[in-house]
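Inside the fold
Residue-level listing of the chains:
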Amino acid sequence: MNNQNLDNNANPLTTDSANLESKNLESKKPESKKTVTPTSDDITRVRAFLVDLQARICQALEAQERDGGGTATFVPDDWERPEGGGGRSCVLADGEVIEKAGVMFSHIHVHNLPASATARHPDIAGRKAQAMGVSLVVHPKNPNVPTSHANVRLFIAEAEGEAPIWWFGGGFDLTPFYPVLADCIHWHQVCHDLCAPFGDTVYPDFKQWCDEYFHLRHRDEQRGIGGLFYDDVSTESRGWDFETCFNFMKSVGNGYLDGIMPIFEQRKNTPYTEAQREFQLYRRGRYVEYNLVYDRGTLFGLQSNGRIESILVSMPPLASWHYRFEPTEGTPEFELTDFYLKPREWLAL
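This structure is a prediction, so every number in the text was calculated from the model and none was measured.

A word on the sheet that holds strand β6 (residues 165–175). Strand order across the open sheet formed by seven strands is β1-β2-β3-β4-β5-β6-β9, with antiparallel pairing between neighbours. In this open sheet, the two edge strands, each paired with only one partner strand, are β1 (75–80) and β9 (226–233). Neighbour-to-neighbour, the strand axes of the sheet open up by a mean angle of 5°, direction not taken into account. Together, β6 and β9 form the strand contacts of helix α4 (residues 202–213), whose direction differs from that of β9 by roughly 100°.

This is the structure:
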C-alpha cells in the first residue's frame, strides 16, 4: 500500500437506499425531545446557509485551480422550475486542476411526488412538498486527486390541516483512483470528528450506511472508500429537535471542505503518466454506471421531468470502458480493487 503522508447530482427530494429504510429508526429516541415543526424563519435560515455553502465551496475550488496554474472559474446558471422554485447551478469546466465540477443549489416546490419519492414514505403521497439542498461532484484532472461528491438537503411535505413531515439528508464520499492510505484515514477522521458531538453511534451508523449505499451490486464493488451517508434525520428518527438536525447539516456541509482541501493540496501537483490517465477514465466509467443505474436522485429527476442539465451535471466529461480489463497483480491498479474498494474500519488501520 502507498503510505505517503497526508500533509446527482442527488436531488434534494431523494430518500435513498430502499434496503436501509430502517437505519435511523433503530436509534434511541430520547423521550424529552418533541417534534418541532419548522417555521418559515427556519426554512429561511436553512436556505441562507445553503446559499453561503455553495459560494464558499466554489471559492475554495477556484483557489485550488488558481494555485495549480489554471484560470477556469465557476459559471453560474440561475434557473426557475415551472412548478415552483428554482436554483443556481455553478459549473467549472476544462481547468488545469479540475476537469469538471458542478456545485448546485436548489429550492424547489413539487405538487405531484413521483414514485421514487414516495416508495419509502407512503405517508407523503398526495402532499405538496418543498425541498432545498446543495449537491456537488468534483472530477479533478490529475488521477492522483480523487473524485468527490457531497450533498446536504432538507425535505418538507405539507397537507392542509396536518403537521408537516420533514427530514434532513446528505453526506459526502470519496472515489480515488490511486489512493494514499493517509488520505483515506484523514477523510474518515474528518467524518468521525464532525459526528462526535452528536453521539457515539452517529459516525459508525452513517459510515456503514454510506458503504452499503455506494455499492455497485452488478459488479459487487464499492464506488469508493465511502464517508458518510444519511437520510430521514428528524425528531422522529433520531430524537433530535429541528435545531440539532440543522446543526448536523451544517457540520456535514462544512466538513466536506475540511476533508477534501488537504487532499487537493497534497496531490494536485503529483506527476502522472498517460497510462494512469487512461486508468482514471476507465474507473470513471464505474461512476457513470452507478449514477445511471442506482442513484435515486438521478432517477427522481428523470421521473419528475426535472432540469436535465442539473440532473446529469455529475457526469464526468470523459470516461471509458474496456472489455474484461484485469490489472496486473501487485500494481497500484490492482491494489485499488483488491484493498481500497472494500468496506474497512479506516480509523483502526
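Still to come is the rest of the account.
Per-residue confidence for the protein averages 89 on the pLDDT scale, and 89% of its residues sit at or above 70. Across residues 2–33, confidence stays below pLDDT 50; counting only partners more than four residues off in sequence or on other chains, it has 113 contacts.

Next up on the list: the side chain of N291. Within the secondary structure, N291 is located in helix α7 (residues 274–293). With a relative accessible area of 2%, N291 lands in the buried category. Reaching out from N291, the side chain makes a polar contact with the side chain of S314 at a distance of 2.9 Å.

By volume, the largest cavity is sized at about 50 Å³. Every residue along the wall of the largest cavity is listed here: L53, I57, V134, L136, A150, N151, V152, G171, F172, V252, G253 and Y256. Listed by contribution, the elements that provide at least two residues to the lining of the largest cavity are α1 (40–67), β4 (128–140), β5 (147–158), β6 and α6 (242–267). The residue inventory of the lining of the largest cavity, partitioned by class, reads nine nonpolar, three polar and no charged.

With that settled, the discussion passes to the environment of H215. By the element assignment, H215 lies in strand β7 (residues 215–216). When the C-alpha atoms of H215 and P343 are compared, they prove to be 9.8 Å apart, with 128 residues separating the residues in sequence. Other than its neighbours up to four places away in sequence, H215 contacts D220, E221, Q222, Y290 and Y294. There is a polar contact of 3.4 Å between the side chain of H215 and the backbone nitrogen of E221.

Rules and cut-offs
Residues numbered from 1 in each chain as written. Predicted model: local features only at pLDDT ≥ 70, side-chain atom pairs only at ≥ 80, totals over all residues. Heavy atoms only, no water. Pairing = 2+ DSSP bridges. Helix = DSSP H or I, 4+ residues; strand = E, 2+ residues; numbered from the N terminus. Axes fitted to C-alpha atoms, helices over the stretch in contact; angles between N-to-C directions. Contact = heavy atoms within 4.5 Å. pLDDT = per-residue confidence, 0-100. Buried < 20%, exposed > 50% of the residue type's maximum accessible area, 1.4 Å probe, protein only. Polar contact = N/O pair within 3.5 Å; in protein donor to acceptor, adjacent residues only side chain to side chain. 1 Å grid on protein atoms, 1.4 Å probe; cavity = no way out; pocket = protein on both sides within 12 Å on 5 of 7 lines; lining within 4 Å. Points joined across faces, edges and corners; volume = space filled by probe spheres on them. Nonpolar A, V, L, I, M, F, W, Y, C, P; charged D, E, K, R; others polar.

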